[in-house]
Amino acid sequence: MGEDSITPEQRIVVLGVGNLLWADEGFGVRCVEALGDGWDFSPPIEVLDGGTLGLALVPLLLDATHVLLFDAVDHRGEPGSLLVARDAEVPRFMTSSKMSLHQAGMNDILASLELLEHKPVKFTVIGIKPVELADYGGSLTETVQQQVPVALQLGIEELARWGIKASVRTGGATRETVIAAIARGRYESERPSADVACRVGDERFLARRAAHVESESADNGGRDE
């Protein structure tokens, strides 16, 4: 039995945020995808892909009493290491070095909820320190992908603390926790390879751009003289 007892009036939201196009930044979304597709919960909870919605998430969380967030977080551990932060601990991890616009927005979301006189009873973050962000259009790195099942187990244990029982799905209709176009299987099988679509910045363009900037600087210097 969990430490808490969930009542019908309470609303439990499991949220994954991140940008799938920035390699390990997609950790949170892939976690909720796996959780929503692979597990059932009693009593029922909401498992949501928050993507990069930022402040647009405020209405979705406005009456949530319990929030479990999966995200990529720039904490002090080694790349690929996980952390669990609860309640008052959460803001300081969301204010460390920014990795994306949505991370900065999470503290804005918490502040907005408080301004609207709502504060979740429980708020837990399960975060991972990314290994790679600059593989644009790439996948989770192998190190981070291997941590997804570990993160899910931490999440299931946290839900149990709140009185939520999880069981492995054995059938039923397919869920779409994330939209079909970005589901992991389709994303991995249909995206072009790095040989076809450069994911780290095209050196030919960068070289031309650098030459253009250098030329402009030289022209401005000549006019100043």
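1. Here we look at the nonpolar core
So, step 1. Ranked by size, the top nonpolar core spans 23 residues in total, and within it Val-14, Phe-27, Ile-45, Phe-70 and Leu-159 carry the most contacts.
So, step 2. Apart from residues lying up to four places away in sequence, Ile-45 is in contact with Ile-12, Val-14, Leu-159 and Ile-164.

2. Regarding the confidence of the model for the protein chain
So, step 1. For the protein chain, the average pLDDT comes to 84, and 80% of its residues sit at 70 or higher.
So, step 2. Confidence, expressed as mean pLDDT per element, reaches its minimum in the protein chain at helix α7 (residues 203-224) with 60 and its maximum at helix α5 (residues 142-161) with 97.

3. Re the sheet that holds strand β1 (residues 12-17)
So, step 1. Read from one edge to the other, the open sheet built from five strands follows the order β3-β1-β4-β6-β5, with strand pairing classed as mixed. Each edge of the open sheet carries a strand with a single partner, namely β3 (46-51) and β5 (82-86). Going from strand to strand, the sheet's axes swing by 20° on average, the running direction of each strand aside.
So, step 2. Note: β5 against strand β6 (residues 122-128), five bridges, orientation antiparallel. Looking at β6, one finds that Arg-86 is bridged to Thr-124.
So, step 3. Each of β1, β3, β4 (66-72), β5 and β6 touches helix α1 (residues 27-38); the most contacted strand, β1, lies at about 135° to it.
So, step 4. With respect to the sheet, α5 is in contact with β1, β4, β5 and β6, its orientation differing from that of β5 by roughly 25°.

4. With respect to the pairing of β6
So, step 1. With respect to burial, β6 is a largely interior element, six of its seven residues being buried.
So, step 2. Pairing of β4 with β6, which is carried by seven bridges, proceeds in the parallel orientation. If you follow Val-67 over to β6, its bridge partner there is Phe-123.

5. Let's talk about the packing of aromatic side chains
So, step 1. Taken as a whole, this structure holds one aromatic pair when the rule is applied.
So, step 2. Ring geometry for Trp-22 and Tyr-136: centres 6.4 Å apart, planes at 65°, overall edge-to-face. Remark: Tyr-136 occurs in the loop between β6 and α5 and Trp-22 occurs in the loop between β1 and α1; sequence separation between them is 114 residues.
So, step 3. On the basis of relative accessibility, which here comes to 31%, the residue Trp-22 falls in the partly exposed class.

6. Side note on the environment of Asp-87
So, step 1. For Asp-87, the position within the fold is in the loop between β5 and α3 (90-94).
So, step 2. Residue class for Asp-87 comes out partly exposed when judged on its relative accessible area of 34%.
So, step 3. Considered as a pair, Asp-87 and Pro-120 are 33 residues apart in the sequence and their alpha carbons are 8.8 Å apart.
So, step 4. Excluding residues within four positions of it along the chain, Asp-87 makes contact with Val-121, Lys-122 and Phe-123.

7. A word on unusual backbone geometry
Among all residues except glycine, the phi angle is most often negative; among peptide bonds, the trans geometry is most common.
So, step 1. Put simply, Ser-42 and Pro-43 share a cis peptide bond, and its omega is -5°.
So, step 2. Topologically, Pro-43 is positioned in the loop between β2 (39-42) and β3.
So, step 3. Phi at Asp-87 is positive, roughly 50°, even though this residue is not glycine.
So, step 4. Backbone geometry at Glu-117 places phi at a positive 60°, although glycine is not the residue there.
So, step 5. Looking at the secondary structure, you find Glu-117 in the loop between α4 (101-115) and β6.

Definitions and cut-offs
- Residues numbered from 1 in each chain as written.
- Predicted model: local features only at pLDDT ≥ 70, side-chain atom pairs only at ≥ 80, totals over all residues.
- Heavy atoms only, no water.
- Core = buried A, V, L, I, M, F, W, Y, C linked by side-chain atoms within 4.5 Å.
- Buried < 20%, exposed > 50% of the residue type's maximum accessible area, 1.4 Å probe, protein only.
- Contact = heavy atoms within 4.5 Å.
- pLDDT = per-residue confidence, 0-100.
- Helix = DSSP H or I, 4+ residues; strand = E, 2+ residues; numbered from the N terminus.
- Pairing = 2+ DSSP bridges.
- Axes fitted to C-alpha atoms, helices over the stretch in contact; angles between N-to-C directions.
- Phe/Tyr/Trp six-rings, centres within 6.5 Å; stacked < 30°, edge-to-face > 60°.

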